[in-house]
Amino acid sequence: MCDYWCCDLSMGIMVCIQLGMVKTEEAGRYLRNQGLTGNSYKLLFGDMKESSAMSREAKSTPIKISDDIVPRVLPFVHQYISNYGKKSFMWLGPKPRVNIMDPELIKEILSKNFNFQKVKTNPLSRLLANGLASQDGEQWTKHRKIINPAFHMEKLKHMLPAFYLSCSEMISEWENNIVSAEGSCELDVWPSLQTLSSDVISRTAFGSNYEEGRRIFQLQRVQAELLIQALSTVYIPGWRFLPTERNKKMKEIDKEVQASLKVIINKRLKAMKEGETDNDDLLGILLESNLKEIEQHGNNKKVGMSIKEVIEECKLFYIAGQETTSVLLVWTMVLLSRHQNWQQHAREEVLEVFGNDKPNFDNLNHLKIVTMILYEVLRLYPPVIMLNRIVHEDTKLGGITIPSGVLLSLPTMLLHYDTEIWGDDAKEFKPERFSEGVSKAAKNQVSFFPFSWGPRVCVGQSFAMLEAKMAVAYDSTTILFRAFTILYSRSIPYCNSSTPIWCSLDSTETLDISVYLGFKIS
Ligand code: HEM
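Along each chain, residue indices are assigned from 1 in the same order as the chain's sequence is written. It should be noted that, the model being predicted, local features are given only for residues of pLDDT at least 70 and side-chain atom pairs only at 80 or more, the latter also being counted only at that level, while totals for whole chains, interfaces and linings use all residues.

For the protein, the name recorded in an unreviewed UniProt entry is Secologanin synthase, with Camellia sinensis as its organism. Under the Subcellular location (unreviewed entry) heading, UniProt states for the protein: "Membrane". UniProt positions are given in the numbering used here, feature names are shortened, and annotations may be inferred rather than shown by experiment. We quote the UniProt Cofactor (unreviewed entry) comment for the protein here in full: "heme".

Right, dumping it as C-alpha cells:
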C-alpha cells in the first residue's frame, strides 16, 4: 500500500516540477525585465541550499555580544541585499521572493492585507496553531473582529494582577538564589523569563483553569520543537501522512491538546450559561464576544466561531505571545546590563512614578524612559525578524507588477538597522531616539514595525508592552532594578548554547543563546 502511495507521490512530484519550471522561469524573467536582480534559478531548491548552509555556518561559531547580530540571524538575506541591492529577489525553492526594503512599499503591503496575503507554509504547522495569524479574507475579518475585544485596554487592566503574580514568583526565585549566594550571583535568566511569559499567558488566557492551561502549553512547546525540526528540511507534499516517529508524535500531541482545550471550553460555556463566571480572562472574553456576535445576527451560528476555531485561537495565543515576549525581556536585560546608565535612568523613573504604589494601569503608562528602552530593544533585536507575504494575482506595487504566486519578504531586522533611515549610529543602543515617540524616531515612515503594522498589526501588542513594563518595573518595593543591579557577566561574552530562541512566527530562524547575568543587591 505504502509502495503504491510513494510511487504515486513521486510521479506527482515530477509532473509538478515540469509544470512548475515553466511558471518559475517566466516569473523570474518578468521580475528581471522590470529591473529586479538576483541569482539565476537552480532546479527545485533555488537559493535554499546556499541559504541553509550559510545559516548553519553562521551559527556554528560563537559571536561576541558586541558583534553584528544581523549576519548571524539573517546571513543569506543580509549578504544578498549587500550584493544585489535593495531591488532584488531570491529563490525560495521554485518561488521567487522579492525583498522589500522601501518603507513606502512596506506601508502599502501591510495596509492592503487582502491583496498581500499570508504565505501557507508546511501543513504540519497547522498542528501547532491554525488561528488568526494564518488566516486571510473573510475568515480573518470575522475572527479578528471577535478577538479584538479581548485585547482592549479596559480588559487588559483586569489582567494586571496575573502579570504581577507571575513577576513576583520569578523575582522570589531570583531573590532566593541571590540571598543564598550572599549578596551576588550569576543566573541564567533565559529559562526564568520563558517561564514568566508562559505563566502570564496561562493565567490571563484561562484564569481559574490556569494549571490545566499550563499543561496544554507545555505540550505546545514540545509541538513547536518538533515543528522546527520538520521545517528545517525541504517539505515534500504528502510527507505529513507518513507514519514517521515525528509525525505520529505531533498528531498525538495535537489530539491531547484539542481534547484538553475542549474540556476547558465546554466547562466555561456551561458556567457562563449558569451565570457563574466573571469572564475576565482571554478565553472568557473571547467566548462572550463570540456569543454577542452570534446573537446580534439573529442567532446565526455561521457568523461566530465554532468550538474547534476557538480551540485554534487559544493555541495561537501561546505560540504568538510566549517566545516573542520572553525574547524582548531577555534582550532588555542584556542591554541594560551593558548600559548601566540606562539601567540607572530606568530605576530612577520607576521610583519617581511609582512612589510607594504597586504597579497599576496608570503608573505603568507613565513610564516614558522604560518605554523608550523597550522600543530600542525591539528595534535592535526584533523577536519577529521578517514578515512574508504572497500575491495570488498579478499585483501593482510601486512601479512594478508582482506576478501571481510570487512571495514578498519584509525583513524587519534589516530595516531596523538601515543607516539611511536610522543614521550612522543605527547599530548603537540609543533609547533617546524614541524620546519624541515612534513616528518621529521612524521619520513618519513604516521603518519600525516589530509588531507589524496596519490592519494585521499584532493583536497582543499592548498586552506584550504592559507585561514587559511590569517585568522591568516590578513593584515599588521589590522593583527588579531597585532590589538588584543587573551586571554584565563574564560568562556571557558569547551567544552560544543549546537553548533555541524561536525568533520568527513565519520562518524557522533560530538563535541560540544562554544569558548569564550577574546580580548584586543594591
Ligand atoms: C514582544 C512581543 C510580541 C511581538 C514582537 C509580536 C509580533 C507580532 C508580529 C510581527 C505579528 C505579525 C505577523 C505577520 O503578520 O506576519 C504578530 C501577529 C500576532 N500576534 Fe503578536 N507579538 C508579540 C506578542 C503577542 C502576544 C502577547 C500575543 C497574544 C497573547 C500575540 C498575538 C498575536 C496574534 C493573534 C497575531 C495575528 C494577528 C493577525 O494576523 O491579525 N502577540 N505579532
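We now examine the sheet that holds strand β2 (residues 95-99). On the basis of which strands lie adjacent, the open sheet formed by 5 strands has the order β1-β2-β8-β5-β3 and mixed pairing. Lying at the two open borders of the sheet, with one neighbouring strand each, are β1 (89-92) and β3 (116-117). As judged from the 4 bridges shared by β1 and β2, these two strands associate in the antiparallel manner. Counted as the bridge partner of Trp91 is Pro96 from β2. Criterion used throughout: strands pair if DSSP finds at least two bridges between them. Strands are runs of DSSP state E lasting at least 2 residues, helices are runs of H or I lasting at least 4, and numbering of each runs from the N terminus.

Locating Phe448 in the fold gives a position in the loop between α20 (438-441) and α21 (461-472). A sequence separation of 33 residues divides Phe448 from Leu415, and the C-alpha atoms of the two residues are 7.4 Å apart. Any residue pair is listed as a contact if its two C-beta atoms, each placed from the backbone, are within 7 Å. In this structure, Phe448 is in contact with Arg379, His416, Val438, Ala441 and Ala442, ignoring residues within four places of it in sequence.

Here the focus is the site of the ligand. Nearness between a residue and a molecule or strand is assessed with a C-beta atom placed from the backbone; a distance within 6 Å qualifies. Every one of the 25 residues lining the ligand counts as a neighbour, but Ala320, Gly321, Thr324, Cys458 and Gly460 are closest to it. Looking at the shell around the ligand, the elements with two or more residues in it are α14 (307-338) and α21. For the shell around the ligand, the element with the most residues is α14, which contributes 7 residues. A class-by-class count of the residues in the shell around the ligand yields 17 nonpolar, 5 polar and 3 charged. When residues are sorted by character, Ala, Val, Leu, Ile, Met, Phe, Trp, Tyr, Cys and Pro go into the nonpolar class, Asp, Glu, Lys and Arg into the charged class, and all the rest, Gly among them, into the polar class.

The subject of this paragraph is the UniProt feature "binding site: heme" (unreviewed entry) in the protein. As recorded in UniProt, the sites labelled "binding site: heme" (unreviewed entry) are Cys458. Position of Cys458 among the secondary structure elements: in the loop between α20 and α21. Each residue touching Cys458, except ones within four places of it in the same chain, is listed here: Phe451 and Ser452.

Mean pLDDT over the protein works out to 84, with 85% of the residues at or above the 70 mark. When mean pLDDT is compared element by element in the protein, β3 scores highest at 98, while strand β10 (residues 500-502) scores lowest at 31. pLDDT is a per-residue confidence score from the predictor, ranging from 0 to 100. Here residues 1-12 is modelled with pLDDT under 50, and outside its nearest four sequence neighbours on either side it reaches 1 contact, counting other chains as well.

Not every positive phi belongs to a glycine, and Lys443 is a case in point at roughly 55°. By secondary structure assignment, the location of Lys443 is in the loop between α20 and α21. A residue is classified by how many C-beta atoms lie within 10 Å of it, and Lys443, with 12 of them, is exposed. Of note, the phi angle at Ser452 is positive, near 70°, even though the residue is not glycine. Within the fold, Ser452 resides in the loop between α20 and α21. Any residue with 12 or fewer other C-beta atoms within 10 Å of its own C-beta is exposed, any with 20 or more is buried, and the rest are partly exposed; the C-beta atoms used are placed from the backbone.

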